[in-house]
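Single-letter residue listing:
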Amino acid sequence: MAESAVRFLINQISTLLSQEITLLVGLKSDVQFIKDELGSMKAFLREAEAKDDNDSQLQEWLKQVREVAYDTEDVLDDFSFRFARGYMDGFYGKVGKIYNSIKNLKARHQISLEIKGIKARVGEISARHQRYQALYGTQERGFSSSQQANADFDIRAQSLFIEEARLVGIDKPKAELISKILDDHSQLKVVSVVGMGGLGKTTLVKKVYDDAAVKKQFQSHVWITVSQNFQFSDIIKNLIQQLFNEIRQPVPPEVESMDVLMLSQFVKDFLQEKRYILVLDDVWSIDAWEAIKCVLPDCNIASRVVLTTRIADVASASCLGSLDIVYKMESLSDKESWTLFCNSTFQCNDCPPNLEEVAKKILKKCEGLPLAIVAIGGVLALKNKEKTDEWEMILHGFGGEADGSGKLDRIKRVLLLSYNDLLYYLKSCLLYLSIYPEDYSIDVEDILLKWIALGFVEEKEGITSIDIGTRYMKELINRSLIQVKSTLDDGTLNTCGLHDFVREIIASKSKEQSFTTVATRYYTRWPEKVRHLAIRNFTDNPQESSGLKCLRSVVIFGYEDPLTTTFLSKFLRGDPKLLKVLDLHGANLDSIPKQVFKLIHLRYLNLSGTAVKIIPKSIGKLQNLEVIDLTRTNVTELPVEILKLRKLHSLWLGGWGDYSNEYAHWGCKCPFEIGKLVCMENLINIEADSDKMVREIGNLTQLRRLCITKLRREDGKELLSSLLRLTNLQELVISCIKEDETLDLQHSVFPKHEFLTSLRLKGRLESVPQWVTSLQSLRTLRLDNSRLREDENIIGCLGHLPNLVSLALYRAYEGETICFKVGGFQKLQQLELVQLTRLKWVRVEEESMPSLRSLLLGACKLMQELPSGIQNLTRLESLGFYEMSDELEHKVQNLDKRSEDYQTISHIPQVFTGHWIDGRWEGTFL
């Protein structure tokens, strides 16, 4: 993390030196010295951080580097806070400059002293750096000393040799892999096994590799552990040694003097006519695979390469051939987890009744990770079976601190390999997730915006920050450090989370490095310096601490007692003037404390779910604001001062009601000159009940997401003209001003949005707009209250959208019959037909909707029969009915297994019926 802090600081200093030259008079040389000295340490920091934590001297040096980087960042941000301000033009502007010059002489002197003090500290740290560099050496990324390589192998070896009796859930994947390896294809085939550390990839592949049938099939057998730190020549020599050991011959002496190219050719020649199986265990990079692949002969003999990796991109890159296979390793099921746990803990399949409850709670934290289950089982096996309090201590101190035996260190070291391999900017992003509670579903878009606001996402010309942040998220997912919890209908990431063991590791790292702090109502003492703070449950007597002066972000999680205005006012008296992220979602606020508007570094402000009614004019002071979330508040109008926020790129307003009330949808009035906010990318629930407002929207050419409410019929043409200019649009929602209003969107104006993937139209339509049927990238379409006539051929119009995967029709059609014809909706996976009050029959022809997985029919009261031709939907996994006619509901719930209707839907894994009760859906699976 010292490397992360230093690299982040160097980027900041570079920006400051280029933008604030006139303000840095007298300080520039000192700041440049700090940048240069820290820059010279970068090459060593990554290697130093990967060394053994037991080296106390090295760890102390890393701590000093980290702290000086943080302190420098604080001083430079304070410098910007005090001096980098704009002034008015003319007489008043000159007066302001003179006044502030006199006022800030003392502050400049103080900051100058602080920077000189930091310069001296950096000089001392740099001197130690020279000594450590001589002691440890500096090596290029991808290579390391044999000592470190052996340490990595030792960690893996511990996870490999699990007794046969304790292996659970391995039989099925073992049989599957053997089947894929032993098929009769007469050419080289690669099988990549991918999954997070501790899942048992190496154990599984070792059992396959040692299987008698596999051994018999191949002439040569080689197992290579690649690991994070490797030298290519060492791997080739290891491979050659194994090949000659197998034939019981000495390695030719000339091999020792060969260069890499000669060694590669030697291996190729040796394997040219042999049928071999090569296991490459623990591959961390595509470059490593590409290097090893070059030594494999290009021949038609049916040889096999089996590769294990934690990184999805490596697995994909290694499997580009037509026969190659990526095998995704899954966690153990609940039943398998319990069996393995009992075997590891009690050496049998039974758990003492007095321990069953606490044992299941402990097991839940392992989330099906075999290595974690075996490790925790080893700890608990030594505990007194009669004393549940000892087991409770392990549960509440799950990170291992309460155990004290160090037996959980094995799983931690295995998972730390993944953390240590991250680039510096990914480490910051991952560590920040430690602010979230256990089992928390993290909103992907929200965390991306926080990363951006905090400066974790590096800027690149021609690429938006949100796209770069999304790449970071996908990289952490590819590396099996973040889990995907849910996706939207169009496949976009929606929520993510952390495995409990990964969370424990990053929480421990974060605490150790003073990166994040979690405070509860029982919290008695702040750390000396707090940078990122999570507050869980509250008291109206918060601590005040000078440590808050370094604070960069605050996120609240109120479970029992929501945060109050009183708490927030007192808390902000701690003067967190460098705060960039303030997330008050769900707080018990009816107004915004005035202290908030002094936070001029603030970039992200979330007030969603609060009772705030008024946004005061002082919002204009927060000129660095990039994100404002006011969804589900009582704010109905924004002041004109919002137009001063020229960096604002995301503005969320208004909201939707619950799922059962489709018309509880509201927006917010904005100043007419909203088009001045040219950086805007997300504008959600803006009221557009005037032609001027609709015209202004056309000036926001960077918009990626737009949601308009209260559109009048007469403004339809003007809106289409504005949409012509929004060429970056990806998501569009248009809602009429009242339920019976018509959306007039059928004009000669023809917006062509090549990036638009999601569209929702809420209001009456005279016909499906022609421009909608031309949206080649559209993946999700929802029509609300469209009330289209049967002769409008709605299904025929939409059936040829080439990439549509989700279609929802809510009160959108007034015909009696819907027929899905041959060749239509080729990629559609989800279909919802809801509140189609005149619908009686649904027909599905052969070869229509061949990809459909989910079909929901709701509140179609005149339907009395199952959709005809539903047996043609061969990939259908879920069929749901709710609020249907009594006759149809009775028929579905009482299907006789011998009936024709039962035979029609017997191929569907899930069939369910249900009702809306107290605002939520309650259903029954058949």
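Each chain carries its own residue numbering, running from 1 in the direction its sequence is written. At least 70 in pLDDT is required for a residue's local features to be given in this predicted model, at least 80 for side-chain atom pairs to be given and counted, and no such filter applies to totals for whole chains, interfaces and linings, which use all residues. The basis for every side-chain value is the complete set of heavy atoms in the structure, and neither hydrogens nor water enter the calculation.

Some thoughts on the overall build of the protein chain
Put simply, the rule is: Only DSSP runs of H or I reaching four residues or more are called helices, and only runs of E reaching two or more are called strands; each is numbered from the N terminus. Working definition: with a 1.4 Å probe on protein chains only, accessible area under 20% of the residue-type maximum means buried, over 50% means exposed, and in between means partly exposed. Contact definition: two residues touch when any of their heavy atoms are within 4.5 Å. Exposure was quantified through the Shrake-Rupley algorithm and a 1.4 Å probe, taking into account, for residues, occlusion by the shown protein chains and nothing else.
Each helix and strand counted, the protein chain has 28 helices and 30 strands in total. Buried residues in the protein chain amount to 54% of all 926 residues. Partitioning the contacts of the protein chain with sequence separation of at least 6, the portion at a separation of at least 24 is 64%. Of the roughly 41400 Å² of accessible surface on the protein chain, 49% is carried by carbon and sulfur atoms.

Focus: the confidence of the model for the protein chain
Put simply, the rule is: Scored from 0 to 100, pLDDT records how confident the predictor is in each individual residue.
A residue-level look at the protein chain finds 82% of positions with pLDDT of 70 or above and a mean pLDDT of 82. Segment residues 86-96: pLDDT under 50, and five contacts once partners within four positions in sequence are set aside and those in other chains are kept. Contacts for the low-pLDDT stretch residues 658-664, under 50 throughout, to residues beyond four places or in other chains number 19 contacts.

As for the packing of aromatic side chains
The test is simple: Put simply, two rings from Phe, Tyr or Trp (the six-membered ring, in Trp's case) pair if the centres are within 6.5 Å, and we call them stacked under 30 degrees between planes, edge-to-face over 60, tilted for the rest. Sitting over a ring, as applied to charges here, requires NZ of Lys or CZ of Arg to be within 6 Å of the ring centre and within 35 degrees of the ring normal.
Scanning all chains against the criterion turns up 14 aromatic pairs. Seen in terms of ring centroids, Y209 and W223 are 5.4 Å apart; in terms of plane orientation they differ by 70 degrees. Their pairing is edge-to-face. Pair noted here: Y209 is in helix 8 (residues 201-209) and W223 is in strand 2 (residues 220-225), with a separation of 14 residues, a long-range link. Look at Y209 and you get buried, because its relative accessible area is 7%. Between the aromatic rings of F244 and F270, the centroid separation amounts to 5.2 Å while the plane-to-plane angle is 45 degrees, which identifies the pairing as tilted. With F244 in helix 10 (residues 232-246) and F270 in helix 11 (residues 260-271), this residue pair connects regions lying 26 residues apart in the sequence. Of the two residues, F244 and F270, neither departs from the other in class, the shared state being buried. Of the aromatic side chains, those joined through ring pairs into one cluster are W338, F341, F346 and W391. The ring of Y419 has K427 sitting right over it, with the charged end atom 5.3 Å from the ring centre.

Side note on the pairing of strand 11 (residues 553-557)
Formally: By the convention used here, strands pair only if DSSP detects at least 2 bridges between them.
Most of strand 11 is tucked away, with five of its five residues classed as buried. Neither face of strand 11 is left uncovered, since the one carrying S553, V555 and F557 and the one carrying V554 and I556 both have all their residues buried. In terms of strand pairing, strand 10 (residues 532-536) meets strand 11 through five bridges, oriented parallel. Looking at the pairing, L533 lines up with V554 of strand 11. For strand 11 and strand 12 (residues 581-583), the ladder comprises three bridges, and the chain directions are parallel. Each bridged residue has a counterpart across the sheet, and for S553 the counterpart in strand 12 is V581.

Looking at the sheet that holds strand 8 (residues 493-497)
Spatial strand order, 6-8-7: three strands in an open sheet with antiparallel pairing. Each of the sheet's edge strands pairs with one partner strand only, and the pair in question is strand 6 (442-443) and strand 7 (483-487).

Some points on the packing of helix 15 (residues 356-366) against helix 17 (residues 388-396)
As a reminder, the rule being used: Comment: axis = line fitted to C-alpha atoms, over the contacting stretch for helices; angle = value between 0 and 180 degrees taken between N-to-C directions. Roughly parallel means an angle under 35 degrees; roughly antiparallel, over 145; roughly perpendicular, 65 to 115; everything else is oblique. In this scheme the crossing of two helices becomes right-handed for a clockwise turn of the near helix relative to the far one and left-handed for an anticlockwise turn of less than a right angle.
Here helix 15 crosses helix 17 at 20 degrees, and the two axes come no closer than 10 Å. One element, helix 15, and the other, helix 17, form an angle in the roughly parallel class. Along this stretch, helix 15 crosses helix 17, giving a crossing that reads as left-handed. For the pair helix 15 and helix 17, contact is made by V358, A359, K361, I362 and K365 and by W391, E392, I394 and L395, respectively.

Structural notes on the nonpolar core
Selection criterion: Among the buried residues, those of types Ala, Val, Leu, Ile, Met, Phe, Trp, Tyr and Cys that are joined through side-chain atoms within 4.5 Å form a nonpolar core.
Ranked by internal contacts, the top residues of the largest apolar core, which has 116 residues, are L638, L706, L783 and L798. Top element by residues in this core is helix 23 (residues 565-572). It accounts for four residues. Every residue in contact with L783, bar those within four places of it in the chain, is listed here: L761, L765, L788, I794, L798, A808, L809, Y810 and A812. Judged by nonpolar contacts, the second largest core, of 100 residues, contains V208, W223, I477 and Y604.

Focus on the sheet that holds strand 5 (residues 325-328)
Pairing within the open sheet is parallel, and its five strands lie in the order 2-3-4-1-5. What marks the edges here is a single partner per strand, and that holds for strand 2 and strand 5. Strand-to-strand twist of the sheet, defined as the mean angle between neighbouring strand axes without regard to direction, takes the value 15 degrees. One ladder, built from four bridges, connects strand 3 (residues 276-281) with strand 4 (residues 304-309); its direction is parallel.

Observations regarding the environment of E73
Structurally, E73 is set in helix 3 (residues 56-83). Along the primary structure E73 and C550 are separated by 477 residues, whereas in three dimensions their C-alpha atoms are 9.3 Å apart.

Details of the state of the cysteines
For clarity, the threshold we go by: Cysteine sulfur atoms are paired as a disulfide whenever they come within 2.5 Å of each other.
What the rule picks out here adds up to zero disulfides. No disulfide involves C351; its sulfur sits 5.5 Å from the nearest other cysteine sulfur, which is in C342. We classify C351 as buried; its relative accessible area is 13%.

Examining unusual backbone geometry
Of note in this structure, N685 is not a glycine but carries a positive phi near 65 degrees. With respect to the element layout, N685 can be found in strand 18 (residues 682-687). Exposure remark for N685: the relative accessible area of 0% places this residue in the buried category. Even without a glycine there, the phi angle at R787 is positive, about 55 degrees. Along the chain, R787 turns up in the loop between strand 22 (780-784) and helix 26 (794-798).

Examining the pattern of salt bridges
We count it as follows: The working definition used for a salt bridge is a side-chain nitrogen of Lys or Arg within 4 Å of a carboxyl oxygen of Asp or Glu.
Applying the stated criterion across every chain yields a total of 32 salt bridges. A salt bridge links K174 to D211; the shortest N-O distance between them is 3.7 Å. With a gap of 37 residues between them, K174 in helix 7 (residues 171-181) and D211 in the loop between helix 8 and helix 9 (212-217) connect regions that are remote in the sequence. You can call D211 buried: its relative accessible area is 18%. The closest approach of N and O atoms between R479 and D421, which form a salt bridge, is 2.5 Å. Of this pair, R479 sits in the loop between helix 21 (465-478) and strand 7 while D421 sits in the loop between helix 18 (409-420) and helix 19 (424-432), and the two are 58 residues apart along the sequence. One network of salt bridges, with partners in common, ties together D183, K189 and R304.

A word on helix 21
Short version of the rule: Given the number of residues in a helix, its expected span is that number minus one, multiplied by 1.5 Å.
When the terminal C-alpha atoms of helix 21 are compared, their 20 Å separation across 14 residues agrees well with the 20 Å that a helix rising 1.5 Å per residue should span. Within helix 21 the residues assigned to the buried category are I466, I468, G469, Y472, M473, L476, I477 and N478. Close packing links the buried residues of helix 21 with helix 13 (312-318), helix 19, helix 20 (444-453), strand 7 and strand 8. Residue S480 follows helix 21 closely and has a positive phi angle near 65 degrees.

Let's talk about helix 25 (residues 716-723)
Test applied: Within this analysis, the arc is defined by the directions that extend from the helix axis to the C-beta atoms.
Every buried residue of helix 25 is accounted for by G716, L719, L720, S722 and L723. Taken down its axis, helix 25 places every buried residue within 160 degrees of arc, on the same side. Against the buried residues of helix 25 lie helix 24 (691-697), strand 19 (705-711) and strand 20 (731-736).

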